[in-house]
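Commentary on secondary and tertiary structure
Given next are the chains, with one letter for each unit.
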2 protein chains.
Amino acid sequence: MVPPGLQLSSISFSRCGERLAPPAIADLMAKALETPGLLSLAAGFTDTATLPVEALRAAYENLASRPGPPEFLQYGTNQGRPLLRALLARRLAGQERMPEAGLSPERLFIVNGSQQALALASQVLCDPGDIVLVEEPTYFVYLDVLRGLGVRPVSLPLDSSNRIDPEGVEKLLWELERSGNLPRIKAVYLVSYFANPSSRTLGEEEKRAVAEILARRGLRLPIIEDAAYRELYYRSPPVSPSSLNLETFAGFPRLYLGTLTKPFATGLKIGFGYCTSREWLDRILYLKGQHDFGSSNFAQALLEEILANGAFEQHLVRLRANYERKMRALNEVLLEENLPGLGWRWEVPEGGLYLWLRGPDGLDTRSGKPFCRRCLARGVLYVPGDLCFGDRLETRYLRLSFGVLSPDDLREAARRFVAAAREASAG
Amino acid sequence: MVPPGLQLSSISFSRCGERLAPPAIADLMAKALETPGLLSLAAGFTDTATLPVEALRAAYENLASRPGPPEFLQYGTNQGRPLLRALLARRLAGQERMPEAGLSPERLFIVNGSQQALALASQVLCDPGDIVLVEEPTYFVYLDVLRGLGVRPVSLPLDSSNRIDPEGVEKLLWELERSGNLPRIKAVYLVSYFANPSSRTLGEEEKRAVAEILARRGLRLPIIEDAAYRELYYRSPPVSPSSLNLETFAGFPRLYLGTLTKPFATGLKIGFGYCTSREWLDRILYLKGQHDFGSSNFAQALLEEILANGAFEQHLVRLRANYERKMRALNEVLLEENLPGLGWRWEVPEGGLYLWLRGPDGLDTRSGKPFCRRCLARGVLYVPGDLCFGDRLETRYLRLSFGVLSPDDLREAARRFVAAAREASAG
């Protein structure tokens, strides 16, 4: 019996409400807060020191000094500012080496960070019980989105060199067909440039293979291509075109996602999507209209200025050099302290914000396990790799972020990390 | 047969995706764009001339000149900036005449305009086929949200003086019980201050009556109280406390929604929610985390400054006088031109951005009908009232917004509107 005065909740949640759970990293975030002096290699934040205070001041002054009423502080439109959309479409066409007018601003829309487009686009596609094909590893927040929708992530198999394995994909589809699940596949999610968490860039041939195998079965499924880190190369832009510009994908509805948040000012939280399918785009926009009728017009107006006056490009030049320097600071200490000698492996990335490490045989990087506890005791934190696998338990990997810490802090964090690895190795 | 080259869509949308439709006002927005010289009394935009360019410049300079790294351009947290939440909780407690610390910042969260909270809070509560009790008329975008979720809006009946009718509510619940639908009611949605579209403020006794009737049946349902226009009174603040501060609602989970968008700068698009139920709040935040991990930290930091340094309050003083002046400009011409003589009725609002007019017997204000066409032909547009009724056809009402047009344009728009009404009256 419930004692009087104690109120039982009268809330009956929806199936969506019942499915929702704390984010995969909630546990880690709590630990980070509880640990004084912690150096977090887990947080996916960007570099604070280089945030563009002056560029934004100048953009504001330009907007404020324009004759006429300050429309940049008024509501905008649901799809986003036309000039910003035009600038982004032209920029994207340039990256794809397409003609300047090769991509239509009508197909481009502005969101509150590309994450919003992921959530909306998936909700209009997926019912509970459906399947989305993902990479392994993949972006763990998207796995949260899928779980929230009751959707099963199924991983595209890799070959021994960590490339998507065409034979494996064939086999996977055959198995899904045999179990009657082929019609439940609603989309393919690819993180194609300097991916979170692997820092890998998908090769043109990998993307093409996926499209060809699907097309042979008549499965021209919606493709969600997440290019959030494309701008953050260190030396040279990635050569692989996106699915927007690959003939093999011609019959596929494609949603390409980019962002102005990671490569410029995280606090503005503005991303964009480019959708080749009018009907998919319409539904995404209808749902967005119900959520917010459009992203902050003010943030969009500032970014329009920044893109138009060259400040965006100037900022990127600084940022790329800065992230490369930080990656090297972290990487060098891991090598100097001989982490490979302890059985750890990783590839040195050519862009992005992460090192993706595979630990020695038998290591378990999961939260709460001895290795993670050792790291916390030494004042360093990482993202356990198991969170990034959609449909199998894989406990040897982890992600180190070098976005936010200074080079000195990164070196210290690396020393702490290797010390913990050494302890673990000694048993 | 489909000719080769013509690609049939291969997208199979979710049930949500299939339900989504263009917003109720899409049709009107298209007409507004097609009609040169149109004066729109339909758009719910705010006054552009008074937008706070200088206050925002000062806030930016303050943020930029603080010692230390520019954290205001970095990512924030999912729930929102702690200081902004504390300032808003204190402000709300003041409006409720509660002790300064009467509302906890832990229960307050920041969203991309209060619309986002409406969408997220409803999604975690409602499955297709569920019911939400609404007022009549009610906020038409919320009706879009409900339709998107497959939820049936059911209106709380009014008495002859347009107040919520306790006997009618009793009868409604009895009918829902008889048809087995009582358990499908998931929430009650109240727009309680200078409501969109009616400009009505709910009386304390009306709110209490709803709570008492529900409580007697043991239905302590989630209450969503939308207070988006509470700050926009003209002369004196509304006296009716919110459900957060009414003893009768003690056992009800309540979500109170406010915004900094309408009463300050629409372009920033920042709203807030205050939720008395931890479990409801958690689910809203989990879902928000999947959509954006928190609203723009930059916009929040600016508003924190604005609230803390008094600029918000100063702006409101100007804004209230301005909206009252604009309301009067519109209202006076409607009276001078003797619209009441043509059988039209409305109440003069004491706050908000709308006049809610009832047309003469037999008038049909719907889009596409002769009266609407006459108005467009004369270069004026309104929001047809039928869009604001959840579960019955009601075609005599319409909403006139005076938020965005200048007083002179409002006078001209009013003359055009009355001319159309006169034509309609003459047959």
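Here, the structure is the one placed above.
Source: prediction; values computed, not measured.

Thresholds applied
Residues numbered from 1 in each chain as written. Chains lettered and ligands numbered in written order. Predicted model: local features only at pLDDT ≥ 70, side-chain atom pairs only at ≥ 80, totals over all residues. Heavy atoms only, no water. Helix = DSSP H or I, 4+ residues; strand = E, 2+ residues; numbered from the N terminus. Expected span 1.5 Å × (residues − 1). Contact = heavy atoms within 4.5 Å. Buried area = accessible area lost by both parts, 1.4 Å probe. Salt bridge = Lys/Arg side-chain N within 4 Å of Asp/Glu carboxyl O. Least-squares fit on C-alpha atoms with pLDDT ≥ 70 in both. Buried < 20%, exposed > 50% of the residue type's maximum accessible area, 1.4 Å probe, protein only. Arc of directions from axis to C-beta. Core = buried A, V, L, I, M, F, W, Y, C linked by side-chain atoms within 4.5 Å. Pairing = 2+ DSSP bridges. Axes fitted to C-alpha atoms, helices over the stretch in contact; angles between N-to-C directions. Phe/Tyr/Trp six-rings, centres within 6.5 Å; stacked < 30°, edge-to-face > 60°. Lys NZ or Arg CZ within 6 Å of the ring centre and 35° of its normal. Disulfide = S-S within 2.5 Å. Polar contact = N/O pair within 3.5 Å; in protein donor to acceptor, adjacent residues only side chain to side chain. Parallel < 35°, antiparallel > 145°, perpendicular 65-115°, else oblique. Nonpolar A, V, L, I, M, F, W, Y, C, P; charged D, E, K, R; others polar. Left-handed = near helix turned anticlockwise from the far one by under 90°.

1. Considerations on helix α4 (residues 82-95) of chain B
Structural remark: α-helix, 3.6 residues per turn; residues separated by three or four positions point the same way. Residue and element names in this part refer to chain B. When the terminal C-alpha atoms of α4 are compared, their 20 Å separation across 14 residues agrees well with the 20 Å that a helix rising 1.5 Å per residue should span. Summarising the contacts, the buried residues of α4 are in contact with β2 (108-111), β7 (254-259), β8 (271-275) and α10 (297-308). In the stretch just after α4, R97 is the one whose phi turns positive, near 55°.

2. Quick word on the interface of chain A and chain B
The interface of chain A with chain B comprises 82 residues on the first partner and 82 residues on the second. Interface area, chain A with chain B, both sides summed: about 6900 Å², of which 60% is carbon and sulfur. Among the residues of chain A in contact with chain B, A:Y75, A:Q290 and A:H291 are the three that bury the most area, contributing 11% of the side total. Across the chain A-chain B interface, the total number found is 6 salt bridges.

3. Topic: the relation of the copies chain A and chain B
Superposition of chain A onto chain B requires a rotation of 180° combined with a translation of 0.0 Å along the rotation axis, giving an RMSD of 0.0 Å. The transformation just described matches what one would write down for a two-fold rotation axis. Of all interface residues in chain A, 100% are interface residues in chain B too; the two copies therefore contact each other through one and the same surface.

4. Quick look at helix α3 (residues 53-65) of chain B
With 13 residues, α3(B) extends 18 Å from end C-alpha to end C-alpha; this agrees with the ideal 18 Å at 1.5 Å per step. Among all positions of α3(B), only B:V53, B:L56, B:R57, B:A59, B:Y60 and B:L63 are buried. The arc that holds every buried residue of α3(B), seen down its axis, measures 165°, which confines them to one face. Projecting away from the buried face of α3(B) at angles above 90 degrees are the exposed residues B:E54 and B:S65. The elements touched by buried residues of α3(B) are α3 (53-64) of chain A together with α10 of chain B.

5. Observations concerning the nonpolar core
A:L334, A:W344, A:F417, B:L334, B:W344 and B:F417 are the most contacted members of the largest nonpolar core, which totals 156 residues. Excluding anything up to four places from it in sequence, A:W344 contacts A:L339, A:L357, A:R358, A:G359, A:P360, A:L363, A:F371, A:L398, A:F417 and A:A421.

6. Things to note about the sheet that holds β7(B)
All names here are of chain B. Taking strand neighbours across the sheet as the criterion, the 7 strands line up as β2-β8-β7-β6-β5-β3-β4 in an open arrangement whose pairing is mixed. Strands at the two margins of the open sheet, each flanked by one partner only, are β2 and β4 (152-155). Taken over all neighbouring pairs, the strand axes of this sheet differ in orientation by 25° on average, direction set aside. As paired strands, β2 and β8 are joined by 4 bridges and run antiparallel to one another. Bridge pairing links V111 to G271 in β8.

7. Here we look at the pairing of strand β9 (residues 354-358) of chain A
Residue and element names in this part refer to chain A. With 4 of its 5 residues buried, β9 lies for the most part within the structure. The pairing of β9 with strand β12 (residues 397-401) spans 5 bridges and is classified as antiparallel. Across the sheet, Y354 pairs through a bridge with S401, a residue of β12.

8. A word on the packing of aromatic side chains
Enumeration over the complete set of coordinates arrives at 35 aromatic pairs over all chains. Ring plane angle 70° and centroid distance 5.4 Å describe the contact between A:W344 and A:F417, whose orientation is recorded as edge-to-face. Note that A:W344 is positioned in the loop between α11 (311-336) and β9 and A:F417 in helix α13 (residues 407-425), a separation of 73 residues in sequence. For the residue pair A:W344 and A:F417, the accessibility class agrees, reading buried in each case. With 5.8 Å between their ring centres and 45° between their planes, A:F389 and A:Y397 make a pair best called tilted. With respect to burial, A:F389 and A:Y397 carry one shared label: buried. Feature note: the residues A:Y60, A:F72, A:F298, B:Y60, B:F72 and B:F298 constitute an aromatic cluster, connected by ring pairs. The ring centre of B:F13 lies 4.1 Å from the NZ or CZ of A:R283, which sits over that ring.

9. Side note on the state of the cysteines
Residue and element names in this part refer to chain B. For the structure on display, the rule yields 0 disulfides over all chains. C375 forms no disulfide, and the closest cysteine sulfur to it belongs to C372, at a distance of 6.6 Å. Looking at C375, the relative accessible area reads 0%, which means it is buried.

10. Structural notes on the pairing of strand β8 (residues 271-275) of chain A
In the case of a regular strand, side chains alternate between the two sheet surfaces. All names here are of chain A. Taking burial as the measure, the 5 residues of β8 include 5 buried ones, the bulk of the element. Residues of β8 alternate between two faces, with G271, G273 and C275 on one and F272 and Y274 on the opposite face, all of them buried. Judged from the 5 bridges that link them, strand β7 (residues 254-259) and β8 form a sheet pairing that is antiparallel. Its bridge partner lying in β8, T259 is registered against G271.

11. Brief notes about the side chain of A:Q74
With respect to the helices and strands, the residue A:Q74 is situated in the loop between α3 and α4 (82-95). Here B:T46 takes part through its backbone oxygen, which lies 2.5 Å from a polar atom of the side chain of A:Q74. A distance of 3.3 Å separates a polar atom in the side chain of A:Q74 from a polar atom in the side chain of B:T266.

12. Some remarks on the environment of B:D127
By secondary structure assignment, the location of B:D127 is in the loop between α5 (114-125) and β3 (131-134). Counting along the chain gives 148 residues from B:D127 to B:C275, while the straight-line C-alpha distance between them is 21 Å. The contacts of B:D127, once residues within four sequence positions are left out, are A:S14, A:R15, A:C16, B:L149 and B:V151.

13. Looking at the packing of α3(A) against helix α10 (residues 297-308) of chain A
Residue and element names in this part refer to chain A. The geometry of α3 relative to α10 is characterised by a closest axis approach of 9 Å and an angle of 105° between their N-to-C directions. By the criterion of interaxial angle, the relationship of α3 to α10 is roughly perpendicular. Listed contacts from α10 to A55, L56, A59, Y60, N62 and L63 of α3 are F298, A301, L302, E305 and I306. Considering only residue class, the contact of α3 with α10 consists of 9 nonpolar, 1 polar and 1 charged.

14. Structural notes on the packing of α4(A) against α10(A)
When two helices pack together, their arrangement is given by the angle between the helix axes and the distance between those axes. All names here are of chain A. With their axes 9 Å apart at the nearest point, α4 and α10 run at an angle of 45° to one another. By the angle between their directions, the pair α4 and α10 is classed as oblique. Our pair here, α4 against α10, has a crossing hand that is left-handed. In this structure, α4 contributes L83, L84, L87, L88 and R91 to the contact, and α10 contributes Q300, L303, E304, L307 and A308. Looking at the contact of α4 with α10, its residues break down into 7 nonpolar, 1 polar and 2 charged.

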